[in-house]
Amino acid sequence: MKFRILTLFPEQFDSFAQTSIIGNAVRDGHIEISCTQIRDYSESKHRSVDDAPFGGGQGMVMQVQPLKDAMHSEPIGENAKVIYLSPRGKTLTHDKVVELSELAELILVCGHYEGVDQRFIDTYVDEEISIGDYVLTGGELAAMVVVDSVSRLIPGVLRDANASLDESFASGLLEYPHYTRPAIYDEMEVPAVLRSGNHAEIEYWRLVQALEITKVRRPDLYNAFMKHEHDEKTRRMLKKYLKT
Ligand SMILES: Nc1nonc1C(=O)NC1CCNCC1
């Protein structure tokens, strides 16, 4: 997967692209992250990329020309999508992350100021995506969220391929509680079942915990999960759970 980031602040991605799971994925060649400095494509003598909004109002708007030329500074692959990060977009979900992870190239356009000239969006953007209902200073943090969540689904990026299946949302439920050594800390003891060695009981306990947490915090996900088809083992555990 190749991520192309169109941004005014490429330096924001330096440590992001070098550390932890994303850094390893880049070094192992599973993903590529390349930043394009939009300002390098400005045709104005002061390298400006924005101007005042037609119709008046506060703030500045990013102009079409620098964005368009920055985007076309490299050939765009066949299996690519241009995504504009914006609060106006559909909120990013696990299903969308799965869909994006199946592409070969993602071009992520990071806006600043009040936004981007609508003609750029209408002509070049395939999809607007939001990471949540709040306003950020720039689209860069949102782009990092997309790169991080999509990269975790690329084969080879996570050591344990099943790890991502157990995580919140992947199973359709929020994650069960996690514990590690010591078994007792400040008189707080790890649930005995987790130390029983009984894998069937542990698996059932984890499912019940995930169901209970999801039921309280995200009843929408809980209801959707209960409506879905599941494998025989999960169906058996759900039957046991619903009897309690
Ligand atoms: N929420 C968001 N999800 O994606 N982008 C988001 C965002 O707030 N972008 C800013 C909006 C104001 N202009 C600068 C960028």
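The following paragraphs examine the structure supplied in this document. Computed from a prediction, not measured in an experiment: that's the story for all the values here. (Residues numbered from 1 in each chain as written. Predicted model: local features only at pLDDT ≥ 70, side-chain atom pairs only at ≥ 80, totals over all residues. Heavy atoms only, no water.)

## Details of helix α9 (residues 232–243)
Cut-off, in case you're wondering: Only DSSP runs of H or I reaching four residues or more are called helices, and only runs of E reaching two or more are called strands; each is numbered from the N terminus. Multiplying 1.5 Å by the helix residue count minus one yields the expected span of that helix. Using a 1.4 Å probe on the protein chains alone, a residue whose accessible area is under 20% of its type maximum counts as buried, one over 50% counts as exposed, and one in between counts as partly exposed. By construction, the arc corresponds to the directions joining the helix axis to the C-beta atoms. Two residues qualify as a contact provided that any one of their heavy atoms is within 4.5 Å of a heavy atom in the partner residue. Identification of polar contacts relies on pairs of N or O atoms within 3.5 Å, with a donor-acceptor requirement for protein atoms, meaning one able to donate a hydrogen and the other able to accept it, and with residues adjacent in sequence counted only if both atoms are side-chain atoms.
When the terminal C-alpha atoms of α9 are compared, their 17 Å separation across 12 residues agrees well with the 16 Å that a helix rising 1.5 Å per residue should span. Inspection of α9 places Thr234, Met237, Leu238 and Tyr241 among the buried residues, and these make up the whole buried set. One side of α9 carries all its buried residues, which in axial view fall inside an arc of 105 degrees. Looking at α9, the residues exposed on the side facing more than 90 degrees away from the buried face are Lys239 and Lys243. Looking at the buried side of α9, the elements it contacts are α7 (199–217) and α8 (219–227). For α9, the side-chain oxygen to backbone nitrogen distance between the N-cap and lysine 233 is 3.2 Å, and the N-cap itself is aspartate 231.

## With respect to the pattern of salt bridges
Selection rule: Throughout this description, the term salt bridge denotes a Lys or Arg side-chain nitrogen within 4 Å of a carboxyl oxygen of Asp or Glu.
Counted by the stated rule, this structure contains 15 salt bridges. Here arginine 47 ties to aspartate 40 by a salt bridge, and the two come within 3.2 Å at their closest N and O atoms. One continuous salt-bridge network, built from bridges that share partners, spans Lys81, Lys96, Glu99 and Glu127.

## Quick look at the site of the ligand
For the record, the criterion: Only heavy atoms are used to decide nearness, and a residue is near a molecule or strand if one of them lies within 4 Å of it. Using a 1.4 Å probe, the Shrake-Rupley method yields the accessible areas, and only the shown protein chains count as cover for residues.
In the vicinity of the ligand lie 17 residues, with Tyr113, Ile131, Gly132, Tyr134 and Leu136 positioned nearest. Contact between the ligand and tyrosine 113: a nitrogen atom at 2.8 Å from a main-chain N or O atom of the residue. Glycine 132 has a polar backbone atom sitting 3.1 Å from a nitrogen atom of the ligand. Here the ligand, which alone exposes 360 Å², has 93% of that area covered by the protein. For the shell around the ligand, the elements supplying multiple residues, two or more each, are β5 (80–91) and β8 (127–130).

## Quick notes on the packing of α7 against α8
The packing of two helices is summarised by the inter-axis angle and the distance between the axes. To keep things clear, this is the line we draw: Between the N-to-C directions of two axes lies an angle of 0 to 180 degrees, each axis being a line fitted to C-alpha atoms and, for a helix, fitted only over the stretch in contact. An angle below 35 degrees is treated as roughly parallel, one above 145 as roughly antiparallel, one from 65 to 115 as roughly perpendicular, and anything else as oblique. For this classification, the nonpolar set comprises Ala, Val, Leu, Ile, Met, Phe, Trp, Tyr, Cys and Pro, the charged set comprises Asp, Glu, Lys and Arg, and every other residue, Gly included, is treated as polar.
Close contact between α7 and α8 brings their axes to 6 Å; oriented N to C, the two are set at 130 degrees. In this view, α7 runs oblique relative to α8, as classed from their interaxial angle. Where α7 abuts α8, its residues Leu207, Leu211, Thr214, Lys215, Val216 and Arg217 lie against Pro219, Leu221, Tyr222, Phe225 and Met226. Across the contact of α7 with α8, the residue classes tally to eight nonpolar, one polar and two charged.

## Digging into the environment of valine 109
Summarising the element assignment, valine 109 is placed in strand β6 (residues 105–110). Taking the C-alpha atoms as reference points, valine 109 and threonine 7, 102 residues apart in sequence, are found 6.7 Å from one another. Beyond its immediate stretch of four places on either side in the chain, valine 109 contacts Leu6, Leu67, Val82, Ile83, Tyr84, Leu85 and Phe120.

## Quick notes on the nonpolar core
Note the following rule: Here the nonpolar core consists of buried residues drawn from Ala, Val, Leu, Ile, Met, Phe, Trp, Tyr and Cys, with membership extended through side-chain atoms lying within 4.5 Å.
By size, the foremost hydrophobic cluster in this structure holds 28 residues, and its most contacted members are Phe3, Ile33, Leu100, Leu106 and Leu108. Sorting the residues of this core by element identifies β1 (2–7), α1 (20–27), β5, α3 (94–101), β6 and α5 (140–151) as the ones contributing at least two each. Residues in contact with leucine 106, not counting those within four places in the same chain, are Met1, Lys2, Phe3, Arg4, Lys81, Ile83, Leu100, Val146 and Val150. Counting 17 residues, the second-largest nonpolar core is a separate cluster that includes Leu6, Ile107, Val109 and Ile121.

## Focus on unusual backbone geometry
For the bond from arginine 181 to proline 182, the omega torsion is 5 degrees, close enough to zero to count as cis. Topologically, proline 182 is positioned in the loop between α6 (163–166) and β9 (184–185). At serine 20, a residue that is not glycine, the phi angle is positive and equals roughly 55 degrees. Mapped onto the secondary structure, serine 20 falls in helix α1. Even without being glycine, tyrosine 113 reaches a positive phi, approximately 60 degrees. Mapped onto the elements, tyrosine 113 comes out in the loop between β6 and β7 (115–116).

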